[in-house]
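Examination of the molecular architecture
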Amino acid sequence: MSNLDYELNMLRNNRLEKEDIFDFKCKACGKCCRRHDDIVLTPYDLYEIAAKLEISVEEVVYNNCVQGIGEISKLPFVMVRHGKCTFLAKDGCILGNRKPVKCRIYPLGRGCDDDKLVYFNQPVNCGERNPMQTVADWLERNGVTEENERYTVKWYELLSKLTAFIYERRFSSNELDAFQRALVPILYLCYRTDQYFYAQ
């Protein structure tokens, strides 16, 4: 099952509303940091990492990430290198509260459904049960703001429009390759950490 199929299945079957009880408490065991293969980063994630490490977004991408092309979307993506996370140290994540949102909200996942950001619960075999919190509590505790949620919806909308454009345009192989290469700096590398992210 592809990552996209997995996420669609989770959205359908394990969807959570913000007021729903979410019974998980992270023990900071690091299992999810040592074995991962799907931490796809948004421009916001890259900006936060670059700001924390006091380097450029380009350095984050070229030193810590791999790039690829989505099988269905045909769009370039950036993700953390597979295996043990490059940001994991002996005493935990060096990124602290600026780690990627996917990591912050784990084991929740999120996706867009009818232009609305929705969350889903992923089955995990780590952590402890803590049934006294809601999804909204978990998001707030992990620094996921309404501003970030609005941005994420817009990000998904942009990717959807670009995918539709690619399919409508019917690029030749060479044209598609050139278009995909041109998108990388536009989508991912143009952010400066000395400026407010959402204004950019």
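Preceding this paragraph is the structure being described.
Residues numbered from 1 in each chain as written. Predicted model: local features only at pLDDT ≥ 70, side-chain atom pairs only at ≥ 80, totals over all residues. Heavy atoms only, no water.

By size, the foremost hydrophobic cluster in this structure holds 46 residues, and its most contacted members are Leu 41, Leu 46, Ile 105, Leu 108 and Tyr 119. Of all elements in the fold, only α3 (43–53), α4 (57–64), β4 (76–80), α5 (101–105), β8 (116–121), α6 (135–141), α7 (146–169) and α8 (173–189) reach the threshold of two or more residues within this core. (Core = buried A, V, L, I, M, F, W, Y, C linked by side-chain atoms within 4.5 Å. Buried < 20%, exposed > 50% of the residue type's maximum accessible area, 1.4 Å probe, protein only. Helix = DSSP H or I, 4+ residues; strand = E, 2+ residues; numbered from the N terminus.)

This paragraph deals with the pairing of β4. For β4, a buried count of four out of five residues is recorded, marking the element as mostly surrounded by other parts of the structure. Bridge analysis of strand β3 (residues 65–69) against β4 gives five bridges, and the strand direction is antiparallel. Within β4, the position partnered with Ile 69 by the bridge is Pro 76. As consecutive antiparallel partners, β3 and β4 are separated by six residues, and within that stretch Lys 74 has a phi angle of approximately 65 degrees, a positive value. (Pairing = 2+ DSSP bridges.)

So, about the sheet that holds β3. Taken in spatial order, the three strands make up an open sheet running β2-β4-β3, and their pairing is antiparallel. The sheet is open, and its two borders are formed by β2 (40–41) and β3, each paired with just one other strand. Judged from the two bridges that link them, β2 and β4 form a sheet pairing that is antiparallel. Looking at the pairing, Leu 41 lines up with Val 78 of β4. Its contacts with the sheet place α4 against β3 and β4, and it is angled at close to 85 degrees to β3. (Contact = heavy atoms within 4.5 Å. Axes fitted to C-alpha atoms, helices over the stretch in contact; angles between N-to-C directions.)

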